[in-house]
Structure formats: structure tokens, C-alpha cells
Amino acid sequence: MPNWLLPENIADVLPSEARKIEELRRLMLDNFRLYGYELVMPPLLEYLESLLTGAGEDTDLRTFKLVDQLSGRMLGLRPDMTTQVARIDAHLLNRTSVTRLCYAGSVLHTRPSGLHATREPLQIGCEMYGHAGLEADAEIQELALASLALAGFTAVRLDLTHVGVLRALLDNCPAAKRDQAKLYAALRAKDVPDLQALTQDYAPLVRDALLALPSLYGDIDVLNKAREVLPDLPGIAKALAELAELAALAASAIGRAQVAIDLADLRGYQYESGAMFALYVPGLPNAVARGGRYDHVGEAFGRARPATGFSLDLRELARLLPTAERKHSIRAPWGNAPELKEKIAELRKSGEVVIQSMPGHSHELDEFECDRALVLEEHGSNWILKNLG
Ligand SMILES: N[C@@H](Cc1c[nH]c[nH+]1)C(=O)O
């Protein structure tokens, strides 16, 4: 095997793609700052048990593990930054007021989430702690939509769901609770035959409700249908009321989206505790951003705090965008003359890209197109710009 091959679903990011990703990262982080989100940088690896605190079995399976040579303990490479940020809020900041944090960094997955998905997403996101009301969820949704708008996506669909519906059903049926993991999987896949087989000996009320969930998908009217076909349990009524309110808020948010309800969409890391959302853009079957409420993670860290947030993969998002236009730049000779150096410094200070040709090489770089050259004025000693081509 050639020694320059990389593992499957792991790739280098080459110049023009890297530029797109970096520009998006800056735009989004700057926007988070305008809403008062403070940047944090959690470590790439942690003790496994802290990384998995409050997270589900999915997270465990997705985590690369290794042994720490210093402590002999098991370490994990983060598969998701959300629980790390919850740990920071719970233990390091110790604030009682509302805390807004944002982050951007690589995460690693043992298996790709799709055939062509990377195992090293570049996760960026925002988390808000300390407010249990829907206002916090609405702000997070608005930020997620604004992030996609910054990347140029305007025709966005926002799917809303709520873990309260399934929770209420499980709490009313011990057999369903026992099969929880299998039910999640069947619902995620909208696999009705599998659901039928699984639910055979459940209480009829719960069985009918579980079988109805995959079809409870569509515009806001689905909530009325859900009220008709789902049992009248307090948890379900509360979840549906919250979804109705969030749908209205999302429809009026900055960078507004077309809103849909999908009561069987339960993808995630199994730490969610309330309303959840996923954002979709045309041409891509998978969600480009996900978020929602996860009030119990802080509690697992020993300090209960309401929590809500969203994250997205910048690599995936950038892949959907057209290649950036080549940046116009200036070609300059290499030289030690103070006038030349000053002129080049002045141009760079004003934001121009100035590329000095190395002796014997004059090729242009992929990302840059030299449309001007810095040349010495004929019969003079001034450096002037000359248009090329
Ligand atoms: N980190 C979650 C999304 C999320 C962020 N905050 C809350 N939920 C994910 O990648 O699916």
C-alpha cells in the first residue's frame, strides 16, 4: 500500500475547499459573537467516562478510544462537542445566569454517517444554558437559520420533532421501554413492518400510537392530526403545544424557513430532552444542521442546567457550495530593494494579495489569479501596477 494513502472517509482539505470552509467558519463565529456567544475550545480528547457523560449508546459506538500512557486510563476522541461544552458550563464557569457558548473544531467518528460522509466533521455550533423557556430554543433556531443564510442557503426546510411524545408512550408501556433502542432505530428508519413486529404485545393504545408516528409528517396541520390519533397523555399534549409555538417562531425568524413537523425523526445522540430540529437544504437528503433541548446532560455532570443548542458540519456545508472565484492578486518580483519591499507591504496592508515570484518560477496558484503585476516604471525608479492579460 502506498505510504501516502489516508484511511477511508478521512481526507485532506485542499486549498480552494479549505478557503471556503475557513471563510464560513469566520462568518459564523463572528455572527455568534453578535448574539453574545463566547467562544470556547474544549480538548480533542478526554477521559472516556467524561466524554460519554449524559450521552447515549450511539455516542459510545461512535467514539475512537485509546489508552492514556500517563494515567493508564481510557481516553476518547470527541465525536461531538455539545457534551464537552455542557461540562464547561456545569463545572468550569459556575455561572447561575444565562450562559451562551460557541465552538468550532474537528470531531471524529469511528464510522461515517453515510457512504460518502467524512469521519472527521468540522463541527461548529452554539449552546445556551440556564433558560428553560422556548425563547432560548427560538434564539438557537434563529442562529442555525442565520448560519445557513450566511453560507448562501435561503430555501431551507426546518423539521421539528419532540422527544416528549415517545417518552410519554414508553412511560406508559413497560414492554416498549424494554425495547427502547430497537424502537428508536425502527422509527428513525420509518420501518413500519419492523415496528409492527416489535409492538405486537404492547398495550393497544401505545401500539397504535407508535405505528402512527412515521406518518405524522408534514406541515403544521400534522399537529392537529397528532392530537386526534395520539393518546391524551400530559407529556404528549405538552410536546405538541411546544412544537406549535416553535413552528410559529421559526416561521418568523430571521432567515426564515419552510417549517415541517416529523414526529418520527429521532436521530441524534440520545441526550435530547425536548423539542429538536433539523435543517435541510435542496438536493441533500441528510440534515445539514441539528439541534434541540438537552436539559439532563448538566445534571449528569452534577449541576442541572436547562440547555439548548445546535451544530453543523462545516466541511459538509462547504462541499455544497460552488467553488469560490479565484482571488485577484498581484504578481511581484522577488527583491531586496527597500522601495520594492515598502510598496509590497503597503499593498498587503490595503488588503491586496501580493505573490512574489521565486527566481525561476512564475506559475500562479490555484486559489489566486494574478491580474496585475508590480513593475518598475520605465526610465524611473517607482514601482507601479500594470494590468495583465
Ligand atoms: N451536537 C448535536 C446537535 C446539538 C447541539 N446542541 C444540541 N444538540 C448533533 O451533532 O446532532
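Residues numbered from 1 in each chain as written. Predicted model: local features only at pLDDT ≥ 70, side-chain atom pairs only at ≥ 80, totals over all residues. Heavy atoms only, no water.

Defined as follows: UniProt positions are given in the numbering used here, feature names are shortened, and annotations may be inferred rather than shown by experiment.
Under an unreviewed UniProt entry, the name given to the protein chain is ATP phosphoribosyltransferase regulatory subunit, and the organism recorded is Duganella alba. Per UniProt, the protein chain carries the Pathway (unreviewed entry) text "Amino-acid biosynthesis; L-histidine biosynthesis; L-histidine from 5-phospho-alpha-D-ribose 1-diphosphate: step 1/9."

## Let's talk about the environment of alanine 186
Using the following cut-off: Secondary structure follows DSSP: runs of H or I at least 4 residues long count as helices, runs of E at least 2 residues long count as strands, and numbering of each begins at the N terminus. The cut-offs for exposure are 20% and 50% of the maximum accessible area for each residue type, with area from a 1.4 Å probe on protein chains only; residues under the lower value are buried, those over the upper are exposed, and the others partly exposed. Contact criterion: two residues are considered in contact whenever any of their non-hydrogen atoms come within 4.5 Å of each other.
Among the secondary structure elements, alanine 186 is positioned in helix α8 (residues 180-188). A relative accessible area of 1% places alanine 186 in the buried class. Separated by 83 residues in sequence, alanine 186 and tyrosine 103 have C-alpha atoms that sit 33 Å apart. Among residues more than four places away in sequence, those in contact with alanine 186 are Asp191, Asp194, Leu195 and Leu198.

## Structural notes on the sheet that holds strand β6 (residues 122-129)
Heads up, the condition is: Here the rule is simple: two strands pair whenever DSSP picks up at least two bridges between them. Axes here mean lines fitted to C-alpha atoms, for a helix over just the part in contact, with angles spanning 0 to 180 degrees between N-to-C directions.
The mixed open sheet is built from 9 strands, whose spatial order is β1-β5-β6-β12-β11-β10-β7-β9-β8. Each edge of the sheet is formed by a strand with only one pairing partner; in this case those strands are β1 (38-39) and β8 (217-218). Two strands pair when backbone bridges link them, and strand β11 (residues 289-293) and strand β12 (residues 307-313) are joined in this way by 5 bridges, in the antiparallel orientation. Its bridge partner lying in β12, alanine 289 is registered against leucine 312. Strand contacts of helix α4 (residues 82-93): β5 (99-106), β6 and β12, with the helix running at about 135 degrees to β5, the strand carrying the most contacts.

## Looking at the nonpolar core
Applicable threshold: Note on terminology: a nonpolar core comprises buried Ala, Val, Leu, Ile, Met, Phe, Trp, Tyr and Cys residues joined through side-chain atoms within 4.5 Å.
Of all hydrophobic cores here, the largest spans 76 residues; its most connected members are Phe32, Leu213, Leu263, Leu279 and Phe310. Counting 16 residues, the second-largest nonpolar core is a separate cluster that includes Val40, Ala86, Tyr103 and Val297.

## A few points about the packing of helix α5 (residues 134-150) against helix α12 (residues 234-251)
How we decide: Here the angle decides the label: under 35 degrees means roughly parallel, over 145 means roughly antiparallel, 65 to 115 means roughly perpendicular, and every other value means oblique. Less than a right angle of anticlockwise turn of the near helix away from the far helix marks a crossing as left-handed, whereas a clockwise turn marks it as right-handed.
Direction vectors running N to C along α5 and α12 enclose 40 degrees, while the axes themselves pass 10 Å from each other. Our classification of the angle between α5 and α12 gives oblique. Along this stretch, α5 crosses α12, giving a crossing that reads as right-handed. In contact with Leu134, Asp137, Ala138, Gln141 and Leu145 of α5, α12 contributes Glu242, Glu245, Leu246, Leu249 and Ala250.

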